[in-house]
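Structural description and commentary
Now for the letters of each chain:
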Amino acid sequence: IVRRKLLRVMTGATLTIEPGTFIFGVPGTPPAVLLVTQSGKIRARGTRARPIVMTSGLPIGRRNRGDWGGLIMLGRAPINVPANSGGNQNAAGTFYIEGLNTTPDGQYGGDDPNWDCGSLEYVRVEFAGSILSPNNEVNSITWGACGKATVAHHLQASYGLDDAFEWFGGSSDARYLVGNMGRDDYLDFQLGYTGRVQYLIALQSPDYPGNRGIEGDNSEYNAASEPFSAPVVYN
């Protein structure tokens, strides 16, 4: 159980999660987050019969959107953020992921378009997406500068308070994504994302309205920054 602090995967370590595993994020200040830093990897390989579930640590019936942060994966693929953006002291092509403090653990970006952040297969994330302050949120699943070697397929983001799936730059691909009952966007990309997303279903209820199906931007720090966001999204 993740308890009221960041669980970091770093310094060359690989977190392997077996099929059928449940990971519980306990609410707190700050909320729990599963963070895979640039120097770590995750291998979460569930199966159709035994998916991996990351959910709220509260009892069933008391769980709510935003109970915990969510899953963040950071790599060294290209992003288009200029130096010293948003009041930060970042080098060009690097930045700090939303929802975390500006520390080395939250840094992402580089020059390797094939960077491997790890594998997510048959994974469901529930009741995540904490909002720490205005425009400073954690999504259900976040890829920051993950490259082509990253694997992502058969994923579900349910009852999130922020976005279901978001890419901050990078070039990683994803297939077979399901988002349901979220309060913000279902597919969000920015900062020079150039990957491919295929087979996406977003299910929304009029009783729990969200925001957009797809939100796409280039860079809020400089709209002319390159590489331009140019993903391929189909089916």
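Here we summarise the structure given alongside this text. Worth saying up front: this structure is predicted, and the values here are computed from it rather than measured.

Rules used in this analysis
- Residues numbered from 1 in each chain as written.
- Predicted model: local features only at pLDDT ≥ 70, side-chain atom pairs only at ≥ 80, totals over all residues.
- Heavy atoms only, no water.
- Phe/Tyr/Trp six-rings, centres within 6.5 Å; stacked < 30°, edge-to-face > 60°.
- Helix = DSSP H or I, 4+ residues; strand = E, 2+ residues; numbered from the N terminus.
- Buried < 20%, exposed > 50% of the residue type's maximum accessible area, 1.4 Å probe, protein only.
- Contact = heavy atoms within 4.5 Å.
- Polar contact = N/O pair within 3.5 Å; in protein donor to acceptor, adjacent residues only side chain to side chain.
- Disulfide = S-S within 2.5 Å.

Moving on to the packing of aromatic side chains. Aromatic ring pairs: the centre-centre distance and the angle between the two ring planes describe each pair. Tallying each qualifying case throughout the model produces 10 aromatic pairs. The interplanar angle of 10 degrees and the centroid separation of 4.4 Å between the aromatic rings of W143 and W167 together place this pair among those described as stacked. Residue W143 is found in strand β14 (residues 141-144), and its partner W167 is found in strand β16 (residues 165-168); the two are separated by 24 residues along the sequence. What links up through ring pairs into an aromatic cluster is the set W143, F165, W167, F189 and Y193.

To continue, consider the environment of L58. Within the secondary structure layout, L58 lies in the loop between β7 (52-56) and β8 (70-74). Given the relative accessible area of 22%, L58 is considered partly exposed. Spatially, the C-alpha atom of L58 lies 8.0 Å from that of P27, the residues being 31 residues apart in sequence. Discounting residues that sit within four places of it in the chain, L58 has contacts with P27, R63 and D67.

Bringing the side chain of S219 into the picture now. The topology assignment puts S219 in the loop between β20 (214-216) and β21 (232-234). Side-chain polar atoms of S219 contact the backbone nitrogen of N222, separated by 3.3 Å. For S219, the residues in contact, after removing those within four places along its chain, are N80, L191 and S225.

In total, this model carries 1 disulfide according to the counting rule given. Between the sulfur of C117 and that of C146 lies a disulfide, 2.3 Å long from S to S. Note on the C117 and C146 pair: the S-S dihedral is about -100 degrees, so by sign convention the disulfide is left-handed. Taken together, the residues span a long stretch of sequence, with C117 in the loop between β10 (107-108) and β11 (118-126) and C146 in the loop between β14 and β15 (151-158) at a distance of 29 residues. C146 sits in the buried class, given a relative accessible area of 0%.

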